[in-house]
Amino acid sequence: MAISLSVYLVTNGNGREAVEFYKNAFGAEVLAMQTFGEGPSSPDHPIPPEAKDWIMHASLQIGSSVLMLSDTLPGMPHTIGDNVTITVNTDTAEEAKNIFGKLEVGGKVHLPIQETFWSPAYGNVTDKFGVLFQISATPGQA
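All values reported here derive from a predicted model rather than from experimental measurement.

**Student:** Any details on a nonpolar patch on the surface? Residues and values, ideally.
**Tutor:** Where nonpolar side chains cluster on the molecular surface, the patch consists of Ile-3, Leu-5, Ile-86 and Val-131 and spans about 320 Å² of accessible area. Here Leu-5 shows up in strand 1 (residues 3-11).

**Student:** Residue-level account of the packing of aromatic side chains, with values.
**Tutor:** Scanning the entire structure with this criterion turns up 4 aromatic pairs. Ring geometry for Tyr-22 versus Phe-26: centroids 6.2 Å apart, planes at 20°, classification stacked. One end of the pair, Tyr-22, and the other, Phe-26, are both in helix 1 (residues 15-26), 4 residues apart, so they sit about a helical turn from each other. Phe-26 sits in the partly exposed class, given a relative accessible area of 49%. Between the aromatic rings of Phe-117 and Trp-118, the centroid separation amounts to 5.0 Å while the plane-to-plane angle is 90°, which identifies the pairing as edge-to-face. In textbook terms, an aromatic cluster arises when at least three aromatic residues are bridged by ring pairs, as seen for Phe-21, Tyr-22 and Phe-26.

**Student:** An account of the domain arrangement of the chain is needed here, citing residue identities and associated values.
**Tutor:** Parsing the chain into structural domains produces domain 1 (7-71) and domain 2 (86-137). Domain 1 and domain 2 are separated by 20 Å when their C-alpha centres are compared. Each partner contributes residues to the interface: domain 1 has 5 residues there, and domain 2 has 4 residues. Here domain 1 meets domain 2 over a buried area of about 390 Å², counting both sides, of which 69% is carbon and sulfur. Per-residue buried area on domain 1 facing domain 2 is highest for Tyr-8, Pro-40 and Met-68; these three make up 72% of the total on that side. Where domain 1 packs against domain 2, one counts 0 salt bridges. At the boundary of domain 1 and domain 2, one finds 0 residue pairs in polar contact (both at pLDDT 80 or more). The class makeup of the residues in the side of domain 1 that touches domain 2 is 4 nonpolar, 1 polar and no charged.

Thresholds, definitions, all that
- Residues numbered from 1 in each chain as written.
- Predicted model: local features only at pLDDT ≥ 70, side-chain atom pairs only at ≥ 80, totals over all residues.
- Heavy atoms only, no water.
- Patch = residues over 30% accessible without salt bridge, like charges linked within 9 Å, V, L, I, M, F, W, Y side chains within 5 Å.
- Areas by Shrake-Rupley, 256 points an atom, 1.4 Å probe, with all protein chains shown as cover.
- Salt bridge = Lys/Arg side-chain N within 4 Å of Asp/Glu carboxyl O.
- Helix = DSSP H or I, 4+ residues; strand = E, 2+ residues; numbered from the N terminus.
- Phe/Tyr/Trp six-rings, centres within 6.5 Å; stacked < 30°, edge-to-face > 60°.
- Buried < 20%, exposed > 50% of the residue type's maximum accessible area, 1.4 Å probe, protein only.
- Domains from an automatic or database assignment.
- Contact = heavy atoms within 4.5 Å.
- Buried area = accessible area lost by both parts, 1.4 Å probe.
- Polar contact = N/O pair within 3.5 Å; in protein donor to acceptor, adjacent residues only side chain to side chain.
- Nonpolar A, V, L, I, M, F, W, Y, C, P; charged D, E, K, R; others polar.

Next up, the structure:
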């Protein structure tokens, strides 16, 4: 079983600026950067034109750690203080579901753990202590 923890920041439309800032501040390597416009579209959740170039997901290698971030979509709440989460990466969907199930006890599920286009098991939950976690099965990357 392999598990890793990462910090995940949520920015308010200035994610690209944040990537450059942290890249320069830490001498980081940008591992991935994808915009909302590059992701799959859904008629149920259309991406506003002004947000198509906003960051859906970015990850930066900083030493032996990874810093991840994304922008909040327009119209979604963005509260300073709630914009930092802990990401838990596992090698298997089974392990991700197991950890998610334990963290949700006494907490609040925001997105039930489910298959997504980037992970066989992804969800987010605030635990009973008020800590927001993103759980993701990322085979070979935990």
